[in-house]
Amino acid sequence: MERLTRVRFAPSPTGPLHMGGVRTALYNYLYAKQKGGKFILRIEDTDSQRFVPGAEDYILESLAWCGIVPDEGIDFVDGKYTIACERSEKNPHAPYRQSQRKPLYRQYAEQLVKNGYAYYAFDSAEELSKLRAEAEANKQTFIYNHESRKNLRNSLTLSPAEVERLINTTDTWTIRFKIPEGRMVKMNDLIRGQMEVETNTLDDKVLWKAADQLPTYHLANIVDDHLMEITEVIRGAEWLPSLPLHYLLYEAFGWQDTMPAFAHLSLLLKPDGKGKLSKRDGDRLGFPVFPLKWTNPETGEVSRGYREDGYYPEAFVNLLALLGWNPGTEQELFTLEELVQAFSLERVIKSGARFNLDKARWFNEQYLRKRSPKELAAEFRPMLSNALPNASFSDQYLQEVCQLIKERAHFANEFWDISKALFAGPAAYDEADVKKFCTPDNLSHAKELYNLIAENEIPSFSNTQTAEDYKHSCCQKIEELLTGYIKAKEWKMGQVMNTLRLFFTGNTRGLGISDIIYFIGKDEALARIDKGLKFVSNQA
């Protein structure tokens with residue numbers, strides 16, 4: 001009987017979720033949805049020393065922002081997602097937070113000891129540090145393995161009575177997996193193919209710790225994947241070295257028949273391709289590596305997020321999908337639904353995927369341009385209100401402005417800087433531009449153009465005219481009036497137009513003159529030219 005596809009994303013709440021982690025969640029989600037299966041969220045918080053307050057909520061909020069909503073492992077309470085703690089029809093394997101499953105793991109660790117696959121280790125941290133230092137001094141590496149365990153303090157070398165005494169009177173002992181000697185572990189990865197590892201190269205990993213009564217990742221991961229009936233484990237390449245141990249654990253428990261298939265995703269690399277993409281790289285090169293803004297609860301340090309930087313979640317998800325996977329076609333823009341249809345592990349690359357900031361910005365541009373003027377105007381309205389609290393502009397006006405400027409923007413949060421001349425005159429003039437363009441000839445020409453505009457009918461924005469061709473027709477008439485006059489006078493077009501733009505906006509960069517005049521209207525255009533001329537005159 002074919003098993004229902006069940007995959008999981010199992011992050012640790014040790015800080016903000018890296019964009020690489022979001023990609024892992026996304027690939028799990030896409031795989032599950034394509035197979036008609038379940039995508040499960042589980043919080044692996046067994047490392048009590050590294051737990052960071054707020055990290056779990058950050059994970060949940062990040063996934064929700066991206067639209068990657070788990071089928072299992074969460075509840076929706078008081079308007080927000082939470083990790084499911086109580087069993088229900090939707091969450092049959094609750095709790096999904098490993099720290100709440102603590103009593104479960106010791107019995108599985110003890111089972112391994114009983115069956116000869118693990119042992120109690122009583123070496124203190126100080127003793128092991130001393131052994132590492134001695135090995136290092138001899139230019140060697142200390143490994144707790146099939147050789148060294150024969151000479152250390154553990155249940156393989158101590159008497160049963162001493163073992164029992166130490167278990168009952170101390171709390172620094174651990175349970176370690178007993179790596180078998182002289183075996184070849186043969187493994188298969190859905191992305192990387194067949195692999196094999198000699199067991200004599202492996203160390204005896206800690207599975208359970210008496211100090212905090214918690215398992216390590218290795219034990220909890222295997223036990224929970226088995227109990228939650230996980231069919232495929234899709235995770236980052238950093239876990240590839242652990243795969244031999246995990247194969248051996250499934251074998252030791254006798255769970256080979258239900259062992260999940262494994263797929264290890266490539267790393268996200270720095271833009272230059274030299275190493276794993278880190279927060280330090282983002283800080284140095286000016287881009288976020290986290291989906292949302294994160295404030296370190298201990299230091300107060302704030303890290304940028306894609307959401308706060310102005311990225312749309314669709315753009316963020318789209319760029320992540322193509323960092324390490326390709327559809328085999330020229331298509332680059334995918335909705336989440338289209339990704340579900342197109343995704344396959346067969347087309348996930350083995351080598352690292354290099355992050356490209358320009359490409360990330362390009363994705364956001366594409367999604368911005370696909371938005372309707374009405375949607376963009378709704379995003380722009382709060383920015384406008386913040387910049388001009390007492391201003392009142394119609395929805396139609398904002399929609400037409402957004403239609404004009406969206407081709408110039410990477411992000412909606414750039415709208416105000418691009419279009420502010422359409423809402424208010426300049427508060428100051430760029431000194432370099434004034435010096436360069438406010439020559440006697442250009443000022444004389446600007447005065448003539450003032451008269452030209454004053455003496456002619458100038459078409460402009462109207463709330464009653466909503467057709468796109470109306471604006472186009474108006475701007476064309478304004479353009480023809482100005483350029484026709486300038487050409488007839490044989491003036492230098494760029495010089496004159498930049499002088500006007502300086503008076504309209506405060507500098508010589510930005511929107512076209514005809515677009516500005518169309519939106520601000522004849523009277524405001526004349527007022528700004530007059531103000532600019534007077535400013536220059538007063539500076540003389």
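The structure we're discussing is the one just above.
Heads up: these notes are all about the structure in this document. Keep in mind it's a predicted model, so treat the numbers as computed, not measured.

Rules used throughout
Residues numbered from 1 in each chain as written. Predicted model: local features only at pLDDT ≥ 70, side-chain atom pairs only at ≥ 80, totals over all residues. Heavy atoms only, no water. Buried < 20%, exposed > 50% of the residue type's maximum accessible area, 1.4 Å probe, protein only. Helix = DSSP H or I, 4+ residues; strand = E, 2+ residues; numbered from the N terminus. Pairing = 2+ DSSP bridges. Phe/Tyr/Trp six-rings, centres within 6.5 Å; stacked < 30°, edge-to-face > 60°. Lys NZ or Arg CZ within 6 Å of the ring centre and 35° of its normal. Expected span 1.5 Å × (residues − 1). Salt bridge = Lys/Arg side-chain N within 4 Å of Asp/Glu carboxyl O. Disulfide = S-S within 2.5 Å. Core = buried A, V, L, I, M, F, W, Y, C linked by side-chain atoms within 4.5 Å. Contact = heavy atoms within 4.5 Å. Axes fitted to C-alpha atoms, helices over the stretch in contact; angles between N-to-C directions.

Burial along strand β6 (residues 174–177) is two-sided: the residues T174 and R176 and I175 and F177 are all buried. Of the pairings in the sheet, the one linking strand β5 (residues 118–121) to β6 comprises four bridges and is antiparallel in character. By the bridge assignment for β6, A121 is matched with T174. Bridge analysis of β6 against strand β9 (residues 206–209) gives three bridges, and the strand direction is antiparallel. Across the sheet, residue R176 finds its bridge partner in β9, namely V206.

With that out of the way, let us pick up the packing of aromatic side chains. This structure, assessed with the given rule, holds 37 aromatic pairs. Look at Y27 and F343: their rings are 5.0 Å apart centre to centre, the planes differ by 40°, and that puts the pair in the tilted class. With a gap of 316 residues between them, Y27 in helix α1 (residues 19–34) and F343 in the loop between α10 (336–342) and β16 (353–354) connect regions that are remote in the sequence. For F343, a relative accessible area of 1% puts it in the buried group. Judged by centre distance (5.7 Å) and plane angle (85°), the ring pair of F380 and F415 falls under edge-to-face. Placement of F380 in helix α12 (residues 373–387) and of F415 in helix α14 (residues 415–419) is noted, with a sequence separation of 35 residues between them. Across the pair, exposure class does not vary: F380 and F415 are buried alike. Ring pairs connect the aromatic residues F380, F393, Y397, F415, W416, F423, F461, Y470, Y518 and F519, which therefore count as one cluster. Sitting above the plane of the Y144 ring, R176 keeps its charged end 3.9 Å from the centroid. The lysine or arginine in question, K471, covers the ring of Y518, its NZ or CZ lying 5.6 Å from the ring centre.

The first and last C-alpha atoms of helix α2 (residues 55–66) sit 17 Å apart over 12 residues, in line with the 16 Å expected at 1.5 Å per residue. Looking at α2, one finds that the buried residues are A55, E56, Y58, I59, L60, S62, L63, W65 and C66.

Inspection of every chain in the model, using the stated rule, returns 37 salt bridges. The shortest N-O distance in the salt bridge between R6 and E72 comes to 2.8 Å. Here E72 lies in the loop between α2 and β3 (74–77) and R6 lies in strand β1 (residues 6–9), a separation of 66 residues in the sequence. Pair check on accessibility: R6 and E72 agree, each one buried. In this structure, a network of salt bridges that share partners links the residues R8, R42, E44, R101, D224 and D225.

Turning our attention to the state of the cysteines. Applying the stated criterion across every chain, the model contains zero disulfides. Residue C475 stays outside any disulfide, its sulfur separated by 6.8 Å from that of C474, the closest cysteine.

Ranked by size, the top nonpolar core spans 155 residues in total, and within it M19 and F503 carry the most contacts. No other element matches the 11 residues that helix α19 (residues 513–539) contributes to this core. Every residue in contact with F503, bar those within four places of it in the chain, is listed here: P426, Y429, C438, L443, A446, R528, I529, G532, L533 and V536. Y119, A121, L128 and Y144 belong to the second-largest nonpolar core, a separate cluster that totals seven residues.

Read across the sheet, four strands follow the order β5-β6-β9-β10 without closing on themselves; strand pairing throughout is antiparallel. Every interior strand has two partners, whereas the edge strands, β5 and β10 (214–215), have only one. As defined by bridge partners, β9 adjoins β10 across two bridges and the pair is classed as antiparallel. Looking across to β10, one finds that K209 is bridged to L214. Against the sheet, helix α3 (residues 102–114) contacts β5, β6, β9 and β10, and its axis sits at roughly 110° relative to β5.

Shape descriptors only; they carry no functional weight alone.
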